[in-house]
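Per-entry structural report
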Amino acid sequence: MNTIGMAIGAAGLSLILIFVWMISLSIRKKRLEEERKAREEAYRKALDRMREQERKERLFKAESGHVPTILYLAKEAERTNLKEALFWYEKAAQLDNINGMYGVVRICEKARDDMILRGKAKFWWQFIRAIEGDLNAKFETGLALIYGRGIEIDVAKGLTLIQEAAEAKHIESIIFMGEWCVSKDNIAPAPRDSTFWFTKAAKLNSLEGMMKLGLNYLQGVGVAADHGKGCYWLERAAEKGHAEAMFHAGEAWIERGTSGNAIAYIWLFLSAFFGYQPAKGLRDHIGGKIGVDSVVGLQSLAKPLQKKISASTVNKHSIIRALNKLYKRSVPVPNKGEVLEDDDILEPFESVLDGHDLVDEQEGQPEESQEKSSPKPLDFSQAAMDKHQ
């Protein structure tokens, strides 16, 4: 009996011990789980802090202009937030990064109905072509930056692009630089530089450049006023059919000496024929001053010139020399191998070949007929003169 009792007691004690052991295991396991969770939470918080710190560092670097970081943020945002991605791609593009430019174009083209985004896409695609060496794109991009077309205004950057194109002999850029130097939008005008750029354009055989250089000489912009040189460059462009240059050449001779109005009428007649509308009224006004007989004679001189200019068969300086000979004027024409120089201009004028007299029928023509009085206003338009003939 004692043995059985002791066995039962031992078994009971064993069960109690097992129960206590199991409880202690459960408590220990629970404690270990809580400790694991605490460690994991601490680790997660540490990771979050690290990520937040890393994000702040990336933002700081990106806002400081670190392009690789900017592109990383843009690429990450492109998955979930196109607006944020566009912000970062634009920031990279503004730092002249071509990947950023492509990113802007890619995102903007996804919103085809948004006019603003379409304008941005057009601008940055043009900028890409400029970076790749397209001089016309470089010029257009510069204009967009100066005048804020599809991009925020950045005059300095725009001028840099246009000047780079101008130095690469892009004519439109050269002309723009000459105009910008005396533009009302330029806070630091430089008339001397204007004449420099127009001289460069004229030397590259730009008719627009020749005309503007001639006007600078006539008006004394960046150089001492010189009527002869002004007329030389205007008439150089006029010989090649530049109607506006013909008009200004005509203006330059009005009331200048005994033959000035006759020369003016010839150029104004040609300018009107080639479609420059302001020339018509001034032509008829000068015709009223010199008289109908003189007008008829001058038209007989101008019409052969008109035909040759239309046919592009006018040799360099030939009209200038013909007018010099006919009217005993002294517009300077450089001889073969001779250069016209000016101390105020860094670029010399072009060396030019001798021309030849253009129209033999000019020999023997009177300089100018005397004006005839008339009781009523006369019509000196080309149609009226043709009828008179």
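Residues numbered from 1 in each chain as written. Predicted model: local features only at pLDDT ≥ 70, side-chain atom pairs only at ≥ 80, totals over all residues. Heavy atoms only, no water.

Turning next to the overall build of the protein. A count of helices and strands for the protein gives 17 helices and zero strands. Counting only residues that meet the buried cut, the protein has 42% of its 389 residues in that class. Long-range pairs, those at least 24 residues apart, make up 57% of the contacts in the protein with a sequence separation of at least 6. Accessible surface, the protein as shown: approximately 21,600 Å² in total, 55% of it carbon and sulfur. (Helix = DSSP H or I, 4+ residues; strand = E, 2+ residues; numbered from the N terminus. Buried < 20%, exposed > 50% of the residue type's maximum accessible area, 1.4 Å probe, protein only. Contact = heavy atoms within 4.5 Å. Areas by Shrake-Rupley, 256 points an atom, 1.4 Å probe, with all protein chains shown as cover.)

A few words now on the side chain of K212. In this fold, K212 is placed in helix α10 (residues 207-219). The class for K212 is buried, based on a relative accessible area of 17%. Beyond its immediate sequence surroundings of up to four residues, K212 is in contact with I175, E179 and F198.

Attention now moves to a nonpolar patch on the surface. Residues L13, I16, L17, F19, V20, I23 and I27 make up a contiguous nonpolar surface patch of roughly 690 Å² in combined accessible area. Note that I23 resides in helix α1 (residues 2-63). (Patch = residues over 30% accessible without salt bridge, like charges linked within 9 Å, V, L, I, M, F, W, Y side chains within 5 Å. Salt bridge = Lys/Arg side-chain N within 4 Å of Asp/Glu carboxyl O.)

On average, residues of the protein score 83 in pLDDT, and 86% of them reach the 70 mark or higher. Note on residues 337-389: pLDDT under 50 across the span, and 135 contacts to partners over four residues away in sequence or across chains. (pLDDT = per-residue confidence, 0-100.)

It is worth spelling out helix α12 (residues 243-253) at this point. What sets the pattern is the α-helix's 3.6 residues per turn: residues three or four places apart point alike. The buried fraction of α12 amounts to nine of the eleven residues, a majority that puts the element mostly inside the structure. Within α12, the full set of buried residues consists of A243, A245, M246, F247, H248, A249, G250, A252 and W253. After α12 finishes, the residue E255 shows a positive phi value of roughly 60°.

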